[in-house]
Amino acid sequence: MLVRQSMVSSMISGCPRQVYLTYIELLPHKQSVALFLGSVFHETYAWYFHLKSIEEVVSLLDLVETYSHTFERLLKRQEVDIKETQLRETKELGMSLVTTYYKTASKMDVQDVEVEGKLGIGEDVVSTHIDVLLKNKGIVELKTARVYKYRGVETFPDYKSS
């Protein structure tokens, strides 16, 4: 079983029974709007950065269409705690975030995506999952859409997450 940070955070800060039901029993639960939009954003930009890493050109229109399809597909698969009347507004908010971030993302020189490795930050070395590895010694964390600088990275090239 893969242990994710959200699972550990839930165990530490919350209810162990909820962790058991969610991650072990895999019982359906309603996802918050913020988590849902984060998932759609993450999946949309994972697709974008993958294509960018193999030097494919992705237009803003392609990205917006991918976001829209991803939003609809994930909405059908997941229970989201949202009223029907809020769907359009929520989708437009996510579209705005995706469009705004495109200006930053389009300038990034991507080396690889979905990398497992050891990352040197300051004096520390940590084993981690890297969403996007940049050629200029930067990494992109898609959950926060932030770019971090690092002093060195050793990757495990045989591993690619599915």
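The structure we're discussing is the one just above.
Residues numbered from 1 in each chain as written. Predicted model: local features only at pLDDT ≥ 70, side-chain atom pairs only at ≥ 80, totals over all residues. Heavy atoms only, no water.

Trainee: Where do I start with the overall build of the protein chain in this structure?
Mentor: Within the protein chain, the secondary structure is distributed over five helices and five strands. Start at the N end of the protein chain and walk to the C end: the helices and strands fall as α-α-α-α-α-β-β-β-β-β. The proportion of buried residues among the 162 residues of the protein chain is 31%. Of the contacts made within the protein chain by residues no fewer than 6 positions apart, 56% connect residues no fewer than 24 positions apart. As displayed, the protein chain has an accessible area near 10700 Å², and 55% of this comes from carbon and sulfur atoms. (Helix = DSSP H or I, 4+ residues; strand = E, 2+ residues; numbered from the N terminus. Buried < 20%, exposed > 50% of the residue type's maximum accessible area, 1.4 Å probe, protein only. Contact = heavy atoms within 4.5 Å. Areas by Shrake-Rupley, 256 points an atom, 1.4 Å probe, with all protein chains shown as cover.)

Trainee: Is there a simple way to think about the pattern of salt bridges in this case?
Mentor: Between side chains of opposite charge, a pair can form as their charged atoms come close. In this structure the tally under the stated criterion is four salt bridges. A salt bridge links Arg73 to Glu43, with the nearest nitrogen and oxygen atoms 2.0 Å apart. With Arg73 in helix 4 (residues 60–77) and Glu43 in helix 3 (residues 33–53), this pair connects stretches of sequence that are 30 residues apart. In this structure Arg73 comes out as partly exposed when scored by relative accessible area, which is 34%. A salt bridge links Glu72 to Lys91, with the shortest nitrogen-to-oxygen separation between them at 2.8 Å. Of the two residues, Glu72 is situated in helix 4 and Lys91 in helix 5 (residues 87–105); the sequence distance between them amounts to 19 residues. Given a relative accessible area of 33%, Glu72 falls into the partly exposed group. (Salt bridge = Lys/Arg side-chain N within 4 Å of Asp/Glu carboxyl O.)

Trainee: Teacher, can you tell me more about the packing of aromatic side chains here?
Mentor: To describe a pair of aromatic rings, one takes the distance between the centres and the angle between the planes. Summed over the entire model, instances satisfying the criterion amount to nine aromatic pairs. Residues Tyr48 and Phe49 carry aromatic rings whose centres are separated by 5.3 Å and whose planes lie at 70° to one another, so their mutual orientation is edge-to-face. An aromatic cluster is defined as three or more aromatic residues linked by ring pairs; in this entry it consists of Phe41, Tyr45, Tyr48, Phe49, Tyr101 and Tyr102. (Phe/Tyr/Trp six-rings, centres within 6.5 Å; stacked < 30°, edge-to-face > 60°.)

Trainee: Help me understand helix 3, please; the structure alone is not making it clear to me.
Mentor: Side chains that are three or four residues apart share a direction in an α-helix, a result of its 3.6 residues per turn. For helix 3, which comprises 21 residues, the first-to-last C-alpha distance of 30 Å matches the rise-based estimate of 30 Å (1.5 Å per residue) to within 8%. Restricting attention to buried positions, one finds in helix 3 the residues Phe36, Leu37, Val40, Phe41, His42, Thr44, Tyr45, Tyr48, Phe49, Leu51, Lys52 and Ser53. Trailing helix 3 by a residue or two, Glu55 shows a phi angle of about 65°, which is positive. (Expected span 1.5 Å × (residues − 1).)

Trainee: What's the story with the environment of Glu55 in this structure? I'm lost.
Mentor: Mapped onto the elements of the fold, Glu55 is located in the loop between helix 3 and helix 4. Classification of Glu55 by relative accessible area gives exposed; the value is 66%. For the pair Glu55 and Val110, spaced 55 residues apart in the sequence, the C-alpha separation amounts to 8.6 Å.

Trainee: How should I be thinking about the packing of helix 3 against helix 5 in this particular structure?
Mentor: Two quantities define a packed helix pair, namely the angle between the helix axes and the distance between the axes. At a minimum axis distance of 11 Å, the contact between helix 3 and helix 5 shows a crossing angle of 35°. In the packing of helix 3 onto helix 5, the handedness of the crossing is right-handed. Of helix 5, the residues touching helix 3 (which contributes Val33, Leu37, Phe41, Tyr45, Tyr48, Phe49 and Lys52) are Thr90, Leu93, Gly94, Leu97, Val98, Tyr101, Tyr102 and Ala105. When grouped by side-chain class, the residues that make up the contact of helix 3 with helix 5 number twelve nonpolar, two polar and one charged. (Axes fitted to C-alpha atoms, helices over the stretch in contact; angles between N-to-C directions. Left-handed = near helix turned anticlockwise from the far one by under 90°. Nonpolar A, V, L, I, M, F, W, Y, C, P; charged D, E, K, R; others polar.)

Trainee: Teacher, can you tell me more about helix 5 here?
Mentor: Compared with an ideal rise of 1.5 Å per residue, which puts 19 residues at 27 Å, helix 5 spans 26 Å between its outermost C-alpha atoms and is within 8% of the ideal. Turning to helix 5, its buried residues are Leu87, Thr90, Lys91, Gly94, Val98, Tyr101, Tyr102 and Ala105. Burial along helix 5 is one-sided: seen end-on, the buried residues are contained in an arc of 120°. More than 90 degrees from the buried face of helix 5, the exposed residues found are Arg88, Glu89 and Lys103. On the buried face of helix 5, the contacting elements are helix 3, helix 4 and strand 3 (138–141). (Arc of directions from axis to C-beta.)

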